[in-house]
Amino acid sequence: MTEKLEAILLIIDEPLGLVALAAAVGAPVPAVRQAIETLVDDYDGNGRGPRRGFELREVGGGWRLFVREHLDALVAEFVGGQAPARLSQAALETLAVIAYKQPVTRSQVASIRAVNVDSVVRTLLARGLITELFADAETGAINYGTTDALLQNLGINSLDELPPISPLLDDGTEGFDEGNIR
């Protein structure tokens, strides 16, 4: 049960009470309380092992893992010094097509870029920069659009703030005259 508790404690982002932890691991509350006390002692180095760089602390009516207070500055420096994850040129181009043409299907993006965009779209979805908006009723093709996370990363409030596409680019209407091809 201790192993199960540790697994749950590693992934939570808010403290969980004993009852919630007991439900999560399928154990009685008194047994979970005892296991928590054992983990606290273990992490504090009161057992056979060393004191860990993290601790199990009760806060806000629940339990959660925290970095030890004396290591806060070290962790903050490490996290702050990490280079932000960069997008590849292919991902930036795909993201631009989706931002300007949304809602747009994967095949439409592939047609515009003239390359397969499947893995790039999966990456953008995983990073939360685009989202699936709806599936086309006739074809079942998924239409994509951008998310608020993209706006936050770009430092803008809406897509209206994106720079205009160059007026020198062809808009695709050349050769058409009121529906007739010239």
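Draft legend 1. Up close: the packing of helix H1 (residues 2-11) against helix H2 (residues 18-25). Running from amino to carboxyl end, H1 crosses H2 at an angle of 115°, the nearest separation of the two axes being 10 Å. Crossing angle aside, the handedness with which H1 passes H2 is right-handed. Residue-level contacts link Lys-4, Leu-5, Ile-8 and Leu-9 of H1 to Leu-21, Ala-24 and Val-25 of H2.

Draft legend 2. Geometry of the sheet that holds strand S3 (residues 104-105). Read from one edge to the other, the open sheet built from three strands follows the order S3-S5-S4, with strand pairing classed as antiparallel. Two strands lie at the open edges of the sheet, namely S3 and strand S4 (130-135), each paired on one side alone. In this sheet, strand S5 (residues 142-146) lies alongside S3 in antiparallel orientation, the contact comprising two bridges. Pairing of Val-104 across the sheet is with Tyr-144, part of S5. The strands that helix H7 (residues 118-126) touches are S4 and S5; relative to S4, the one it contacts most, it runs at about 110°.

Draft legend 3. Just the pairing of strand S1 (residues 54-59), in detail. Of the pairings in the sheet, the one linking S1 to strand S2 (residues 62-67) comprises six bridges and is antiparallel in character. If you follow Val-59 over to S2, its bridge partner there is Gly-62. Between S1 and S2, which pair antiparallel and follow one another directly, the connecting turn spans two residues, one of which, Gly-60, has a positive phi of 55°.

What counts and how
- Residues numbered from 1 in each chain as written.
- Predicted model: local features only at pLDDT ≥ 70, side-chain atom pairs only at ≥ 80, totals over all residues.
- Heavy atoms only, no water.
- Axes fitted to C-alpha atoms, helices over the stretch in contact; angles between N-to-C directions.
- Helix = DSSP H or I, 4+ residues; strand = E, 2+ residues; numbered from the N terminus.
- Left-handed = near helix turned anticlockwise from the far one by under 90°.
- Contact = heavy atoms within 4.5 Å.
- Pairing = 2+ DSSP bridges.

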